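Report on the structure
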Amino acid sequence: MSKIIAPPPFLKGAAKAAAKPSEVIKERSMLLQKQMLGDLFHDLTTAKDTGRKVVYTFVPGNLSELILAFDMLPVYPEINALQWGMRKKSGSLIRDAEKYGYSEDVCTYVKCDVGMFLNGNIGPTGEKLPPPDLLLLSYTGCFTFLKWFENLQKLYPGVPTAMLHTPYAADGVITEDMVTYMVRQLEEDVIPKMEMVSGKKFNPEKLSRHLGLASESEDWISKIFDLTKIVPSPIDAYFAGVYYIGPINAGFRGAESAVEYYHQLYLEVAERAREGRTPVTPEGELEEERFRLVVEGPPNWTHFREFWKLFYDMGAVVVASSYTKVGGLFDNGFRHDPDNPLESLARYCMGCYTNISLPERVNLLEGFIKDYKADGFLINSIKSCNSFSAGQLLIMRELEQRLGVPVSFIESDLVDPRYFSYANIKNRLDSFFQMMDQRKRVGGRHQFSKPEQTSSGEQCSMILPVLQQEGAL
Ligand code: SF4
């Protein structure tokens, strides 16, 4: 009997669908992730009793290792918002924030967060989240974060705020002056405030230890996403990828549990690759990989399953996406460095996807399209996210010109259900798939011959030696 890996737990009903053809196996990585996130929410709900201090902060440019070094607990408002969206409950929170005075144009993550506050700060798991002891405004690229925290300061009066300003890497270069500027802020403002709030003295050795663990997790997650270069891809790097980036973005980067999780996940994905298997969807394993895509922009969370279905029904697999790099760009070799702790935190923040310039983003995406043998490039433009959306048309046209690759552009929102139009998106995607299909039929540039397949089902002669070298096989 063939094994079917259970889909991520957030896909309600997916396990049932996947169970149809065969038995459902809960992969060990899924159990590990469930345990990690459950423990975090438990620690948060009991924080006031246990005396643990709580930091509200953001995903892009997060200082996860520093928070761990002070034994504090992180709350990421964007993650709460997207989880509300997936549970289809963000709409009413957004409307409450609009009634409170927030305009229609404001980022819907912000409105979801404010709506959550107005409704008693009950988190997406149904448990009340503790108020912050520290507002840590360490962010990259998007100025909405700045305004968001100004609002949180008003909602939580008297809570100390530490701000780490990240210089924009406009020309793609990170200079020593920029690093020094950030290190000075860490030394003079961020760390002293964390010492004051936590009541603990800064321990550089402890920070270095967490940075070493972060580097290990970054190695594993890079290797996992490298495996989607294989044809067929063993996982979907966008729809399943958003699940895989959960631990590294939710405060576990730098923790031992994350290293264990990503190592385990790597072994599981590598096994799928060795067996030549296709991604698991909410309706079981994909029958055939027909189109390989690179996607720019976040997904829609309110209609996540319907959105994904539009792709897997057509045999489309996302092999690389910019969104899964939002918590850190590790493809280019960047790793947190235990020997240069504060400098590496600074370089991490400046190298985040949201902090790099449009030409840099185009170069990165061009590399993805080539390296992952994509048949097409798609943008999901988010109505309320100016940070991602600005310049996307330019990115698309530039890539089309450079590579001659089929491109398409759809629009939706993160967590506002009013901006998801199924028919519009389907129309656009249908034309896109048709275009790629035609291109393939006439032997277009991304017509890839499938690798030799052995009797045991092993594929991908190019990648096998790599997997063997890693000890995965
Ligand atoms: S505008 Fe976009 S990047 Fe900025 S906070 Fe909102 S969702 Fe995040």
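Below is a short write-up of the structure. Treat the numbers as computed from the prediction; the structure is a model and nothing was measured. (Residues numbered from 1 in each chain as written. Predicted model: local features only at pLDDT ≥ 70, side-chain atom pairs only at ≥ 80, totals over all residues. Heavy atoms only, no water.)

All right, on to the layout of surface pockets then. Considered as a void within the structure, the second largest pocket measures approximately 280 Å³ in volume. Counting residues per element, the ones that place at least two in the lining of the second largest pocket are α15 (341-350) and α16 (358-371). In the lining of the second largest pocket, the residues fall into nine nonpolar, five polar and two charged. (1 Å grid on protein atoms, 1.4 Å probe; cavity = no way out; pocket = protein on both sides within 12 Å on 5 of 7 lines; lining within 4 Å. Points joined across faces, edges and corners; volume = space filled by probe spheres on them. Helix = DSSP H or I, 4+ residues; strand = E, 2+ residues; numbered from the N terminus. Nonpolar A, V, L, I, M, F, W, Y, C, P; charged D, E, K, R; others polar.)

The tally for this structure, following the rule as stated, stands at 31 aromatic pairs. Ring geometry for phenylalanine 58 against phenylalanine 149: centres 4.7 Å apart, planes inclined by 50°, an arrangement best described as tilted. Here phenylalanine 58, found in the loop between β3 (54-56) and α4 (64-69), pairs with phenylalanine 149, found in helix α8 (residues 144-155); they are 91 residues apart in sequence, far enough to count as distant. Side by side, phenylalanine 58 and phenylalanine 149 carry an identical accessibility label, which is buried. Residues phenylalanine 239 and phenylalanine 311 carry aromatic rings whose centres are separated by 5.1 Å and whose planes lie at 55° to one another, so their mutual orientation is tilted. With phenylalanine 239 in the loop between α10 (204-226) and α11 (241-244) and phenylalanine 311 in helix α14 (residues 304-312), the pair connects residues that are 72 residues apart, well separated along the chain. Judged by its relative accessible area of 0%, phenylalanine 239 falls in the buried class. The class for phenylalanine 311 is buried, based on a relative accessible area of 1%. For the cation-ring pair, lysine 229 lies above tyrosine 372, with the distance from its terminal atom to the ring centre recorded as 5.3 Å. A cation over an aromatic ring shows up here: arginine 361 above the ring of tyrosine 353, its NZ or CZ 4.9 Å from the ring centre. (Phe/Tyr/Trp six-rings, centres within 6.5 Å; stacked < 30°, edge-to-face > 60°. Buried < 20%, exposed > 50% of the residue type's maximum accessible area, 1.4 Å probe, protein only. Lys NZ or Arg CZ within 6 Å of the ring centre and 35° of its normal.)

Read these as layout, nothing more, since geometry by itself doesn't imply function.
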